[in-house]
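Here's the letter readout for the chains.
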Amino acid sequence: MSFQGHAMDSTLSHLILRNCEIAYAITDDALTVVEVGGEGDILCNDHEVCLGQSLPDLVPELVGLEDVLADILGGDLPRFELAWANRETADGQTIYLTLVELPYRDRTGQIAGILHVAQDVTEMGMVDRQLAQSRNELRLLQDQLTRQNLELAAANAELRRLDELKSAFVSVAAHELRTPLAPIRGYVEVLLDEEVGSLTGDQREYLQIVERSTRRLLTLTSNLLDVTRIEAGQVELVLQSTDLHALVEAVAAEYGPQLEGRAQPLTLRIPSDLPPALCDETRAAQIVGNLLSNASKYTPRGGRIAVTVALAEEDGFLEVSVADNGVGIPANDQPRLFDRFFRAQTALLTGASGAGLGLHITRSLIELHGGRIWFESELDKGSTFHVTFPVADESALTAIEPARSAET
Ligand code: ADP
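Residues numbered from 1 in each chain as written. Predicted model: local features only at pLDDT ≥ 70, side-chain atom pairs only at ≥ 80, totals over all residues. Heavy atoms only, no water.

Considerations on the site of the ligand
Taken together, 20 residues surround the ligand, and among them Asn294, Tyr298, Arg343, Ala344 and Leu359 come closest. One of the side-chain N or O atoms of tyrosine 298 is found 2.6 Å from an oxygen atom in the ligand. Interatomic distance of 3.1 Å between a backbone N/O atom of alanine 355 and an oxygen atom of the ligand. When the free accessible area of the ligand is taken as 530 Å², the share hidden by the protein chains comes to 97%. For the shell around the ligand, the secondary-structure elements that each account for two or more residues are α9 (281-297), α11 (358-368) and β12 (382-390). For the shell around the ligand, a count of residues per class yields eleven nonpolar, six polar and three charged. (Near = heavy atom within 4 Å. Polar contact = N/O pair within 3.5 Å; in protein donor to acceptor, adjacent residues only side chain to side chain. Areas by Shrake-Rupley, 256 points an atom, 1.4 Å probe, with all protein chains shown as cover. Helix = DSSP H or I, 4+ residues; strand = E, 2+ residues; numbered from the N terminus. Nonpolar A, V, L, I, M, F, W, Y, C, P; charged D, E, K, R; others polar.)

This is the structure we're talking about:
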């Protein structure tokens, strides 16, 4: 079936023109409007009035475009389009039109005038303008974000600078405080050993107070130095195969006087045939020493302390546990226990000295070894702290397995 030769039904063409909100005007070759049709309001309110007018008078956007219209009439331009022309409607609304100029041909095919088509694209125009507006807003936000990012980067750089300054200050201050402490401690020891004369009871007692305070200051300064080194990533471990049995016994001996002074018996449970651990001996002694010192500080006189070394549940690790039956740690303080400068309520009540840096440092050091630290604690019942060190020689593990629960 062919539609060739069929003219479009006029009802149908009216329907299309109205639904698509299209109006048209046809001119003669002198640009005088000779026919108007389609959706009325778009072109002019009264079609009769439009007839006989010049097209540029009817469509002000075409004023100045006479050359273009001449080209269309001359057959040199097949189509000309103007987008988003706007009009005020009778009720004060703005509508947007797309205007198209086409050659109008008579029956013989000759160009007899211009076909002007106007389509109301307000809805499309709205969407387009909203889109453009959103795009502008987005660009504005992006600019704002870029500016804020730059400000944030500058603020961060300043914070880093201040942080480095603070670390440098703490480091210098700790060093300077430490230097005179060494001779003070040395001379106090000489005096306490009565190398330069005998002491009266009072003199000995006062010197012991000086010695304890000096030791506290030394611990504080070395903790401050450790924190700054850890934060700067400057702690380097000298890892070597280490006998934990010997190491724990040495630490226990070092803390012996403190434990005796507080009448706290210490039990060591260490199998004799454990494989060696891979650790930095000085740092491992610091870790165990810190846990032992805490166990003593936070356990009343006469309390009990036990250190156990065993193969850890986790393959390839040894576990050192330090248990006490001291004051314990309140449940709500437990999550913050490893934070810098944090001290539990119970610590404050005991009156034990400390700056809340020991566990923070201990955790950093143990993690540098590849191990873990954790604890269980119950108020007024006591606490057990566990740390793990990697085994130095994994091939020794199978041979040692049965000795897991042996005691020394
Ligand atoms: P410090 O002992 O200098 O306060 P630490 O970082 O070593 O700092 O310990 C942080 C806090 O953890 C202590 O102040 C104390 O409240 C709590 N704590 C640590 N070990 C024990 C323990 N064995 N028993 C009870 N509380 C402990």
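Details of the pattern of salt bridges
Taken as a whole, this structure holds 14 salt bridges when the rule is applied. The salt bridge involving lysine 166 is made with glutamate 231; its shortest N-O contact spans 3.7 Å. With lysine 166 in helix α6 (residues 122-192) and glutamate 231 in helix α7 (residues 201-231), the pair connects residues that are 65 residues apart, well separated along the chain. Relative accessible area serves as the criterion here: at 34%, lysine 166 is assigned to the partly exposed category. The class for glutamate 231 is partly exposed, based on a relative accessible area of 36%. The partner of lysine 381 in a salt bridge is glutamate 378, and the shortest N-O contact between them spans 3.3 Å. We classify lysine 381 as exposed; its relative accessible area is 55%. (Salt bridge = Lys/Arg side-chain N within 4 Å of Asp/Glu carboxyl O. Buried < 20%, exposed > 50% of the residue type's maximum accessible area, 1.4 Å probe, protein only.)

Remember, this is a structural readout, not a statement about activity or role.
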